[in-house]
Each structure stands twice: as structure tokens, then as C-alpha cells.
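Breakdown of the fold
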Amino acid sequence: MYKFAAILAVAATPALSAGLEIDVEGEANGTIVIDLFEDTAPLHTAQITAIAAAGSYDGVVFHRVIDGFMAQTGDVQNGVMGSDLSRAGTGGSEFADIPAEFSDIPFERGVVGMARAQDPNSANSQFFIMFEPGYFLNGQYTVVGEVTEGMELVDQIKRGTGANGAVIGKPDMMAAVRVTE
């Protein structure tokens, strides 16, 4: 019941804005601007903006980066630079998981989607940015927005290795994330 109440509380708050500005540091340095799709995924965008407004995304690394596919970040529990990053990608936030909000928006280059476990209703704080189209994700993951500025910066994010794309050494990070109107 608590998780359902937390979802309703996040959904009941007014949308703080229509986007995010993400300052990236590492191999890539600069700002990425994302337009959030509040009408398409209201629960997801409300949660992302709440986490960003609280400053919880600041210092979070891009822990899973697969060349030709996507760059994943947003683990505010286990993915903060300076902490033990061996569990990065396994955590979420203090908010409850969010039920899926699938749409007909395709996963094109620059589209931002919510990461989740096998359960379609398990998205929380982690998200990914597509390097290339990934149509096999259509209808399987929630689309929350798209990069409107800084895609060339996304292309510079340090790549991971191996099948899961884990970044070895010092990953790039979201140094600061701001909610925009």
C-alpha cells in the first residue's frame, strides 16, 4: 500500500517543468538538454523531475554504456561517484517503482527511456539515452523524453566493455542536473 501511495503522491504533484539540463563530466564534458514527455509518461516524468529537483542525480555515473546502443545512468542509490561503484545499476531511489507507461513513440537516436528490471512495472530512477535506433525496445520500455541539445556530447560518453556494457575505471558522470521550464 505504501508504494501505491507514494506513486499517487508523486503523480499528484504538479509537473515541475518540461525538461532537464545535465552537466556531464569525464571523457565527455558539456551540457545535455532533454525535453520530457509529460503527456506521454506523467508518472515517470514527475518522478524524474522530483529526483532531479532534490539534487539526487548530481554526481551519478553513466554505469552502463554500450556502443551503438545506449548510455544508462540514474542509480542514485549505488551509482554516485566516489562510492563503491561495483553495485551501480542495481539501485533506485527513495520513491516507489513506477507502473509502465508504454506509448507508440519509437526508440530512435536521442530518445530517453526508463531502465527497469524484468518486471515492466519496476522503473524507478534509472534512465538511458539511445545512441542509435533500438526498435526492439518499442512497447517494452517507457519513453520519457528526447535529447534536444548535446547529442554530440552523448556520443562522447565513455563506453563500457563486455556484454552488459559496464564502464571500467572512472566513468563519466552527471555532475549536476537541473529541472527546466
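The following refers to the structure shown. Model, not experiment: these values are computed from the prediction.

1. Describing the overall build of the protein
Looking only at helices and strands, the protein has 3 helices and 9 strands in total. Element order for the protein, N to C, with α for helix and β for strand: α-β-β-α-β-β-β-β-β-β-α-β. For 181 residues, the compact-globule estimate of 2.2 N^0.38 gives 16 Å, and the C-alpha radius of gyration of the protein, at 15 Å, lies within 12% of that figure. Considering only C-alpha atoms, the protein reaches an extent of 40 × 35 × 35 Å along its principal axes. A total of 181 residues make up the protein; the buried ones form 49% of that total. For the protein, the accessible surface area stands at approximately 8,200 Å², while carbon and sulfur atoms represent 52% of it. Distance between charge centroids for the protein: 9 Å, based on 9 positive and 24 negative side chains.

2. Description of the pairing of strand β8 (residues 143-149)
The pairing of strand β2 (residues 30-36) with β8 spans 4 bridges and is classified as antiparallel. Within the sheet, the bridge partner assigned to I34 lies in β8 and is V147. For strand β6 (residues 111-114) and β8, the ladder comprises 3 bridges, and the chain directions are antiparallel. Within β8, the residue paired with G113 across the bridge is V143.

3. A closer look at the nonpolar core
Core analysis: the largest hydrophobic core is formed by 34 residues, its most contacted members being I22, I34 and Y57. Among the elements of the structure, β1 (19-25), β2, α2 (42-53), β6, β7 (127-130), β8, α3 (151-154) and β9 (173-180) are those that each provide at least two residues to this core. With 4 residues, the single largest contributor to this core is α2. In contact with I22, other than residues within four places in its own chain, are G30, T31, I32, I34, F127, M174, A176 and V177.

4. Re the sheet that holds β8
Strand order in the open sheet formed by 9 strands is β3-β9-β1-β2-β8-β6-β7-β5-β4, with antiparallel pairing between adjacent strands. Here the strands that pair on one side only, and so sit at the sheet edges, are β3 (60-61) and β4 (64-66). Packing against the sheet, α2 makes contact with β1, β2, β6, β8 and β9, and its axis sits at approximately 115 degrees to β9.

5. Overview of the pattern of salt bridges
Taken as a whole, this structure holds 4 salt bridges when the rule is applied. In this structure, the salt-bridge partner of E21 is R178, at a minimum N-O distance of 3.1 Å. Of the two residues, E21 sits in strand β1 while R178 sits in strand β9, which places them 157 residues apart along the sequence. Residue classification places E21 among the partly exposed residues on the basis of a relative accessible area of 26%. We note a salt bridge from D67 to R159, for which the minimum N-O separation is 3.0 Å.

6. Focus on the packing of aromatic side chains
Counted according to the given criterion, the structure contains 4 aromatic pairs. Where F69 meets F136, the ring centres are 5.6 Å apart and the plane angle is 35 degrees; that geometry is what we call tilted. One end of the pair, F69, is in the loop between β4 and β5 (70-73); the other, F136, is in the loop between β7 and β8, with 67 residues separating them in the sequence. Relative accessible area serves as the criterion here: at 57%, F136 is assigned to the exposed category. On the basis of an interplanar angle of 20 degrees and a centroid distance of 5.8 Å, the ring pair of F107 and F128 is categorised as stacked. Here the residue F107 occupies a position in the loop between β5 and β6, and F128 occupies one in strand β7, the gap between them amounting to 21 residues. Of the two residues examined, F107 and F128, each falls in the buried class. Among the aromatic side chains, those forming a connected cluster through ring pairs are F107, F128 and Y141.

The rules behind the values
- Residues numbered from 1 in each chain as written.
- Predicted model: local features only at pLDDT ≥ 70, side-chain atom pairs only at ≥ 80, totals over all residues.
- Heavy atoms only, no water.
- Helix = DSSP H or I, 4+ residues; strand = E, 2+ residues; numbered from the N terminus.
- Rg over C-alpha atoms; globule rule 2.2 N^0.38 Å.
- Buried < 20%, exposed > 50% of the residue type's maximum accessible area, 1.4 Å probe, protein only.
- Areas by Shrake-Rupley, 256 points an atom, 1.4 Å probe, with all protein chains shown as cover.
- Lys, Arg positive; Asp, Glu negative; His and termini not counted.
- Charge placed at Lys NZ, Arg CZ, Asp CG, Glu CD.
- Pairing = 2+ DSSP bridges.
- Core = buried A, V, L, I, M, F, W, Y, C linked by side-chain atoms within 4.5 Å.
- Contact = heavy atoms within 4.5 Å.
- Axes fitted to C-alpha atoms, helices over the stretch in contact; angles between N-to-C directions.
- Salt bridge = Lys/Arg side-chain N within 4 Å of Asp/Glu carboxyl O.
- Phe/Tyr/Trp six-rings, centres within 6.5 Å; stacked < 30°, edge-to-face > 60°.

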